[in-house]
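Structural features, examined
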Amino acid sequence: YEPAEDFYLLADALAEQLAESTTVPSLCVEIGCGTGYVLCSAGTLLRQQNAALIGTDINPLAAEATLKTLAAHDVHGEVVVGDILCGMDKRLEEAIKR
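So, a few notes on the structure that sits alongside this text. (Residues numbered from 1 in each chain as written. Predicted model: local features only at pLDDT ≥ 70, side-chain atom pairs only at ≥ 80, totals over all residues. Heavy atoms only, no water.)

A few words on the nonpolar core. Core analysis: the biggest nonpolar cluster contains 12 residues, these being Cys28, Cys33, Leu39, Cys40, Ala42, Leu46, Ala51, Leu53, Ala63, Leu70, Val75 and Val79. Sorting the residues of this core by element identifies helix H2 (37–45) and helix H3 (60–72) as the ones contributing at least two each. For this core, the element with the most residues is H2, which contributes three residues. Beyond its immediate chain neighbours, meaning those up to four positions away, Cys28 contacts Leu39, Ala42, Leu46, Ala52, Leu53 and Ile54. (Core = buried A, V, L, I, M, F, W, Y, C linked by side-chain atoms within 4.5 Å. Buried < 20%, exposed > 50% of the residue type's maximum accessible area, 1.4 Å probe, protein only. Helix = DSSP H or I, 4+ residues; strand = E, 2+ residues; numbered from the N terminus. Contact = heavy atoms within 4.5 Å.)

So, in structure tokens, the structure goes:
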């Protein structure tokens, strides 16, 4: 999956938000990091602030792609392979019953 227009829009929105903000994030988490384009963009924008970057994806190939994207741009971050909803079965089941 190549980066598409939505990736660029999100990265541009993040850049605008950071430019207008008076606070600097110390952590950036991307859920469903895919190719790593958005996480890498955030890392580039936050490089001077030394923010921690964490990406997560259920697909190991996507996690690998993210790591390659980060490395290609000399951006340091952690990528976790896993389902973020794992272990929440009961909570989700109860919410669906409502």
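Turning to the pairing of strand S1 (residues 27–31), a few remarks are in order. Of the two faces of S1, only the one carrying Cys28 and Glu30 is buried; Leu27, Val29 and Ile31 on the other face are not. Following the backbone out of S1, through H2 and into the adjacent parallel strand S2 (residues 52–57), one traces a crossover that is right-handed. (Right-handed = clockwise from strand over helix to strand, strands pointing away.)

All told, the structure shown has one salt bridge when counted by the stated rule. With a shortest N-O distance of 3.3 Å, Lys68 and Glu64 are connected by a salt bridge. With Lys68 and Glu64 both in helix H3 and four residues apart, this pair spans about one turn of that helix. According to the relative accessible area criterion, Lys68 is exposed, its value standing at 54%. We classify Glu64 as partly exposed; its relative accessible area is 40%. (Salt bridge = Lys/Arg side-chain N within 4 Å of Asp/Glu carboxyl O.)

The phi dihedral of Asn50 is positive, around 55 degrees, even though this residue is not glycine. Structurally, Asn50 can be placed in the loop between H2 and S2. Judged by its relative accessible area of 70%, Asn50 falls in the exposed class. One non-glycine residue, Asp74, lies in positive phi territory at about 55 degrees. Locating Asp74 in the fold gives a position in the loop between H3 and strand S3 (78–81).

Glancing now at H2. Those residues of H2 that sit buried are Val38, Leu39, Cys40, Ser41, Ala42 and Gly43. Considering only its buried residues, H2 is in contact with helix H1 (5–20), S1, S2 and H3.

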